[in-house]
Amino acid sequence: MSIRQNLAANLRRLCKDHASVSAVCRELGINRTQFERYLQGQTVPNKATAKLICDYFRVDEAELYRDPGAPSPAAPGLPPISESLFTQMIRPPAPSIAGGTYFTYFSIPGRSDLLVRAITFVRREAELVTFRRVTGWSEHHGSTWARARGNHYGVAISRLNWIYFNGVNRRQTGEPSLISVQWAPISEPVLTGKAMLLTEAGPAFVSVIMQDRSNIRPRHAIRMAHVVRLDDPSLDQLVVSLARDGLG
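Residues numbered from 1 in each chain as written. Predicted model: local features only at pLDDT ≥ 70, side-chain atom pairs only at ≥ 80, totals over all residues. Heavy atoms only, no water.

Chemist: An account of the pattern of salt bridges is needed here, citing residue identities and associated values.
Modeler: Counting across every chain of the model gives eight salt bridges. As a salt-bridge pair, Glu 27 and Arg 132 come within 3.6 Å of each other at their nearest N and O atoms. Taken together, the positions of Glu 27 in helix H2 (residues 21-28) and Arg 132 in strand S3 (residues 128-135) put the pair 105 residues apart, joining distant regions of the chain. For the pair formed by Glu 27 and Arg 132, the shared burial category is buried. Note that Arg 229 is salt-bridged to Asp 113, the shortest N-O span being 3.6 Å. (Salt bridge = Lys/Arg side-chain N within 4 Å of Asp/Glu carboxyl O. Helix = DSSP H or I, 4+ residues; strand = E, 2+ residues; numbered from the N terminus. Buried < 20%, exposed > 50% of the residue type's maximum accessible area, 1.4 Å probe, protein only.)

In structure tokens, the structure reads:
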């Protein structure tokens, strides 16, 4: 395959974890028509644009242009510490959670009347479970919309009946996050637990509720990622009850 074809195949693979190609273009600040030329293997970006793309997807330039059919390069001798750590993280058992779209609600310290509703896209590939979590995507201010402050990607693992979502924000802050949840002892399938997040005042531990909403289209779900009031009539009453009872 040519370099242009390698780039096109790798970009298409990287874009699969995002809501749409248009969303990727908006976040990158790249013209959609130009980006489509990369996806179709018609041209390659200049050095500055390639660096922008690599930084966004958290890959190096060699991986961006590598033949997708070629085996990943392996260093001789002992594996690098990053590979060893990743192998330990994804070892069985796999998390007992299906792929799909989940509303993820976070409590707000000092504001018992509000919840932050984030959207978590869970993806299963055999025993590997990865996720993307979008937070605060569609804050409405007058006639404009504020973009997301949180765009976490990571891996979900299971230990001692708890599911841990370990992620890193791909936005400029690049901060890590950790969510620890388990299935609530109620008839409806909902996950509850705690989360360690970065707030304006620094790291904080908050309650979290995750509810499967795979019946909602991803784009529509992303538009719903914002702060909600507990008395909002559109909020699921199960979530309201759990939040008020402190079961999150």
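Chemist: Please provide a residue-by-residue account of the packing of aromatic side chains, values included.
Modeler: Counted by the stated rule, this structure contains four aromatic pairs. With a centroid separation of 6.2 Å and an interplanar angle of 75 degrees, the aromatic rings of Phe 35 and Tyr 38 are classed as edge-to-face. Residue Phe 35 and its partner Tyr 38 are located together in helix H3 (residues 32-39), separated by three residues, close to a single helical turn. You'll find Phe 35 and Tyr 38 in the same group, each marked buried. Between the aromatic rings of Phe 103 and Tyr 105, the centroid separation amounts to 6.2 Å while the plane-to-plane angle is 80 degrees, which identifies the pairing as edge-to-face. Here the two residues Phe 103 and Tyr 105 agree in accessibility, since each one is buried. Of note, Arg 117 hangs over the ring of Phe 103, and the distance from its end group to the ring centre comes to 5.3 Å. One residue, Arg 170, lies across the ring of Tyr 153, its end atom 3.9 Å from the ring centre. (Phe/Tyr/Trp six-rings, centres within 6.5 Å; stacked < 30°, edge-to-face > 60°. Lys NZ or Arg CZ within 6 Å of the ring centre and 35° of its normal.)

Chemist: With reference to specific residues and values, describe the side chain of Arg 117.
Modeler: Residue position: Arg 117 is located in strand S2 (residues 111-125). Asp 232 provides the closest opposite charge to the buried, unpaired Arg 117, separated from it by 5.5 Å. In terms of polar contacts, Arg 117 uses its side chain to reach the backbone carbonyl oxygen of Met 224, at 2.8 Å. With near-sequence residues (within four places) excluded, Arg 117 lies in contact with Phe 103, Thr 104, Tyr 105, Met 224, Ala 225, His 226, Val 228 and Leu 235. (Lys, Arg positive; Asp, Glu negative; His and termini not counted. Polar contact = N/O pair within 3.5 Å; in protein donor to acceptor, adjacent residues only side chain to side chain. Contact = heavy atoms within 4.5 Å.)

Chemist: For the state of the cysteines, give the residues involved together with the corresponding values.
Modeler: What makes a disulfide is a covalent bond joining the sulfur atoms belonging to two cysteines. On inspection of all chains with the given rule, the structure shows zero disulfides. Here Cys 15 is not disulfide-linked; the sulfur of Cys 25 is the nearest cysteine sulfur, at 7.4 Å. Judged by its relative accessible area of 8%, Cys 15 is buried. (Disulfide = S-S within 2.5 Å.)

Chemist: Which residues make up the packing of H2 against helix H4 (residues 47-57), and what values go with them?
Modeler: In the contact formed by H2 and H4, the axes pass within 11 Å of each other and the chain directions differ by 115 degrees. Considered as vectors, H2 and H4 are oriented roughly perpendicular to each other. The element H2 and its partner H4 pack so that their crossing is right-handed. Listed contacts from H4 to Val 24, Glu 27 and Leu 28 of H2 are Leu 52, Ile 53, Tyr 56 and Phe 57. Residues of the contact of H2 with H4, tallied by class, amount to six nonpolar, no polar and one charged. (Axes fitted to C-alpha atoms, helices over the stretch in contact; angles between N-to-C directions. Parallel < 35°, antiparallel > 145°, perpendicular 65-115°, else oblique. Left-handed = near helix turned anticlockwise from the far one by under 90°. Nonpolar A, V, L, I, M, F, W, Y, C, P; charged D, E, K, R; others polar.)

Chemist: Describe the packing of H2 against H3, naming the residues involved and giving the relevant values.
Modeler: Direction vectors running N to C along H2 and H3 enclose 115 degrees, while the axes themselves pass 10 Å from each other. When you trace H2 past H3, the crossing you get is right-handed. Touching Val 21, Ser 22, Val 24, Cys 25 and Leu 28 of H2 are Arg 32, Phe 35, Glu 36 and Leu 39, all from H3.

Chemist: Which residues make up H3, and what values go with them?
Modeler: Residues of H3 that are buried include every one of Phe 35, Tyr 38 and Leu 39, and no others. Summarising the axial view, the buried residues of H3 lie within an arc of 100 degrees, below the 170-degree limit, and thus occupy one face. On its buried face, H3 is in contact with helix H1 (3-15), H2 and H4. Measuring from the side-chain oxygen of the N-cap residue of H3 to the backbone nitrogen of Thr 33 gives 2.8 Å; that N-cap residue is Asn 31. Just beyond H3, the residue with positive phi is Gly 41, at close to 70 degrees. (Arc of directions from axis to C-beta.)

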